[in-house]
Amino acid sequence: MAEIGLDAVVMPSEDVVAREIEGELIIVPLVAGIGDMEDELYTLNETGKAVWDRLDGKTSLRAVAAALAEEYEAPVGEIEKDILGLIEELLKRRMLVEARGV
Amino acid sequence: MDQEPRTANQEPRTPSYAVKRSIGEHVLWKERGPLLSRLDLELTERCDNACIHCCINLPAADAQAQARELRTGEWQDILRQAADVGALSVRFTGGEPLLREDFAELYLYARRLGLKVLLFTNARLITPELADLLARIPPRELIEVSVYGMRRESYEAVTRAPGSYDEFRRGVGLLWERRVPFVVKGALLPPNKGEMEEFEAWAATIPWMVVPPGYAMFFELRGRRDSEARNRLIASLRLPPEEGMAVLTRRREAYYKDRVEFCTKFMRAPGSLLFGCGAGYGGSSCVDAYGLLQPCMALRDPQLAYDLRKGSLREAVTSFFPGLLSEMRATNPQYLERCARCFLHGLCEQCPGKSWSEHGTLDTPVEYLCQVAHAQARYLGLLAEGERAWEVEDGRERVSKMTKEVEA
């Protein structure tokens, strides 16, 4: 997989269902090949959830990072690094798909 | 950015933001869990088998029952409501749920809502198309297939449905070929009693069977209380408690380990409160084929049912059931004298549902279950011969002592 860049635009895959239950974001694999155990689901931590909620297939990761930096009053560089880590992981797990090129 | 602590079953390489959770082992919610963790959907009471021991089976061709069943859209609405109140999974059961012509549609609908699906089936109606669907979009719970015998003669002596054995074998074969995870469970009955070893040897070859199969043998009576003759037949098929113990304890170590864990967690005298089990809200509830929500699958008391055609699942689990059940107390003097004081509660399967199917009340001791529990307690060393558990004053101490001995 090519390295993801901040200009990438990604969105949730149709192969998973994201559900928010009592404040927890739970990602339930829909098709075979995502998640290897029948009883395993995935959750995102609070900041992971904040990122996920902004992945609309239209907004670049750079813009997502900028919005979060403003909201959390945190250094944008640090947030960008974390977002890239999260997105790479979710792409690898097939929970996200790229909406346009990296 | 903060990260969740890693757990043992996560991949150990890079920092992980998406935390893999096994629902059975981890508590997902810091404060309050969902209003309901699982909803049981009894899609139909009809079944293509007519098993001699079954507590819920109307003939497959019962047009009257079929006409009363919820329509596809009504089930979809209930599934949406289940997802809305936070249920993680639904159980499709029956009768035989695959008798519903819209089964695949309902299954897909549930999965697309992000619900895991637990399917209870006899596997007779599994087609190549359905098996393909289950392979492509897995239920995320092991399918549970009931097995009634290892040979055509024994199987069909139980199911009373000619041709059922071959269909069951074909259905299981379709799942297996496509590697759709399933497990099997047995029902120990006179026609198949001699086939346990054969059944277990076969079950051990199924890739998803990590433990030997369990057996139904202390059969429930019909919750609808719709046939005294059928109930007499079911009661006659129950294993005598001591014989049941011989089956349960064939793997002595595993039995001890399981029972000790169970006893430590769940055994205690319940007092007069009838619904300490959490039935109806918090844990699970059951919708019958006609849209009536019941506290659990065993309990068919119409006074405790909530009509989902007239109200909402949320209302039922936040208001109706808690209001009705949380303070409901036994009044039957026999129950108060025995069950309410009995430290075997938990090990004993006495509950309002069983009381209802046996006696039509919520708080009548079920003698057979009492005998089974006493037989287990004697085996575990919790009771001496002739002792009655409700008269024992140091029950908790006995359980602790047994736990320590087994751990040692």
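The structure displayed is predicted, hence computed values, not measured ones.

Draft legend 1. The arrangement of the overall build of chain A in detail. When helices and strands are counted, chain A shows three helices and five strands. Reading chain A from its N end, one meets helices and strands in the order β-β-β-β-α-α-α-β. In summary, chain A has a C-alpha radius of gyration of 13 Å against a globular reference of 13 Å for 102 residues, a match within 12%. The 102 residues of chain A split such that 32% are buried. Counting only contacts in chain A whose residues sit at least 6 apart along the sequence, the fraction spanning at least 24 positions is 58%.

Draft legend 2. Spotlight on the overall build of chain B. If you tally the helices and strands in chain B, you get 15 helices and 12 strands. Expressed as lengths along the three principal axes of its C-alpha atoms, the size of chain B is roughly 65 × 55 × 50 Å. The 408 residues of chain B split such that 44% are buried. For chain B, restricting intrachain contacts to residue pairs at least 6 apart in sequence, the fraction spanning at least 24 positions comes to 72%.

Draft legend 3. The sheet that holds strand S12 (residues 306–307) of chain B, seen in detail. Residues and elements named next belong to chain B. If you trace the nine strands from one edge of the open sheet to the other, you get S9-S8-S7-S6-S5-S2-S10-S11-S12, paired in mixed fashion. Two strands in the sheet have a free side with no partner beyond their single neighbour: strand S9 (215–216) and S12. Both strand S11 (residues 292–294) and S12 contribute to a ladder of two bridges, which runs antiparallel. Looking at S12, one finds that Leu293 is bridged to Tyr306.

Draft legend 4. Local environment of the confidence of the model for chain A. Taken residue by residue, chain A gives an average pLDDT of 87. The fraction at 70 or more is 90%. Mean pLDDT values for the elements of chain A range from 79 in strand S4 (residues 40–44) of chain A up to 96 in strand S1 (residues 9–12) of chain A.

Draft legend 5. Looking closely at the nonpolar core. In this structure, Ala82(B), Ala87(B), Val90(B) and Leu344(B) are the most contacted members of the largest nonpolar core, which totals 100 residues. Excluding residues within four positions of it along the chain, Ala82(B) makes contact with Leu36(B), Leu39(B), Ala87(B), Val90(B), Leu115(B) and Leu313(B). If you look at the next biggest cluster of nonpolar residues, it comprises 25 residues, including Val10(A), Leu30(A), Leu55(A) and Ala65(A).

Draft legend 6. Region of interest: the pairing of strand S10 (residues 282–287) of chain B. Residues and elements named next belong to chain B. Both strand S2 (residues 36–42) and S10 contribute to a ladder of five bridges, which runs parallel. Across the sheet, residue Leu36 finds its bridge partner in S10, namely Gly282. Looking at chain direction, S10 and S11 are connected through two bridges and run antiparallel. Within the sheet, the bridge partner assigned to Cys286 lies in S11 and is Gln294. The antiparallel pairing of S10 with S11 creates a hairpin that spans four residues between the two strands, and Gly291 there sits at a positive phi of about 95°.

Draft legend 7. Here's a closer look at the packing of helix H2 (residues 72–84) of chain B against helix H3 (residues 103–112) of chain B. All names here are of chain B. Close contact between H2 and H3 brings their axes to 10 Å; oriented N to C, the two are set at 20°. If you check the angle between H2 and H3, you find them roughly parallel. Read as a crossing pair, H2 and H3 show a hand that is right-handed. Here Thr72, Trp75, Gln76 and Leu79 of H2 come into contact with H3, specifically with Glu105, Leu106, Tyr109 and Ala110. Across the contact of H2 with H3, the residue classes tally to five nonpolar, two polar and one charged.

Draft legend 8. View of unusual backbone geometry. Backbone torsion omega between Gly94(B) and Gly95(B) reads 20°, so that peptide bond is classified as cis. Among the structural elements, Gly95(B) can be located in the loop between strand S5 (89–93) and H3.

Draft legend 9. How the structure looks around H3(B). All names here are of chain B. Within the span of H3, buried status applies to Phe103, Leu106, Tyr107, Ala110 and Arg111. Seen from one end, H3 has its buried residues packed into an arc of 130°, which puts them on one side. Of the residues flanking the end of H3, it is Gly114, one or two places downstream, whose phi is positive at about 85°.

Draft legend 10. Representation of the pairing of strand S6 (residues 116–121) of chain B. Residues and elements named next belong to chain B. With respect to burial, S6 is a largely interior element, five of its six residues being buried. Two elements, S5 and S6, share four bridges in a ladder whose sense is parallel. Counted as the bridge partner of Val90 is Val117 from S6. For the segment spanning S5, H3 and S6, crossover handedness is right-handed. Across two bridges, the pairing between S6 and strand S7 (residues 143–147) is parallel. Paired with Thr121 across the two strands is Val145, which belongs to S7. In terms of handedness, the path from S6 via helix H4 (residues 128–136) over to S7 forms a crossover that is right-handed.

Thresholds applied
- Residues numbered from 1 in each chain as written.
- Chains lettered and ligands numbered in written order.
- Predicted model: local features only at pLDDT ≥ 70, side-chain atom pairs only at ≥ 80, totals over all residues.
- Helix = DSSP H or I, 4+ residues; strand = E, 2+ residues; numbered from the N terminus.
- Rg over C-alpha atoms; globule rule 2.2 N^0.38 Å.
- Buried ≥ 20, exposed ≤ 12 C-beta atoms within 10 Å, placed from the backbone.
- Contact = placed C-beta atoms within 7 Å.
- Pairing = 2+ DSSP bridges.
- pLDDT = per-residue confidence, 0-100.
- Core = buried A, V, L, I, M, F, W, Y, C linked by C-beta atoms within 7 Å.
- Axes fitted to C-alpha atoms, helices over the stretch in contact; angles between N-to-C directions.
- Parallel < 35°, antiparallel > 145°, perpendicular 65-115°, else oblique.
- Left-handed = near helix turned anticlockwise from the far one by under 90°.
- Nonpolar A, V, L, I, M, F, W, Y, C, P; charged D, E, K, R; others polar.
- Arc of directions from axis to C-beta.
- Right-handed = clockwise from strand over helix to strand, strands pointing away.

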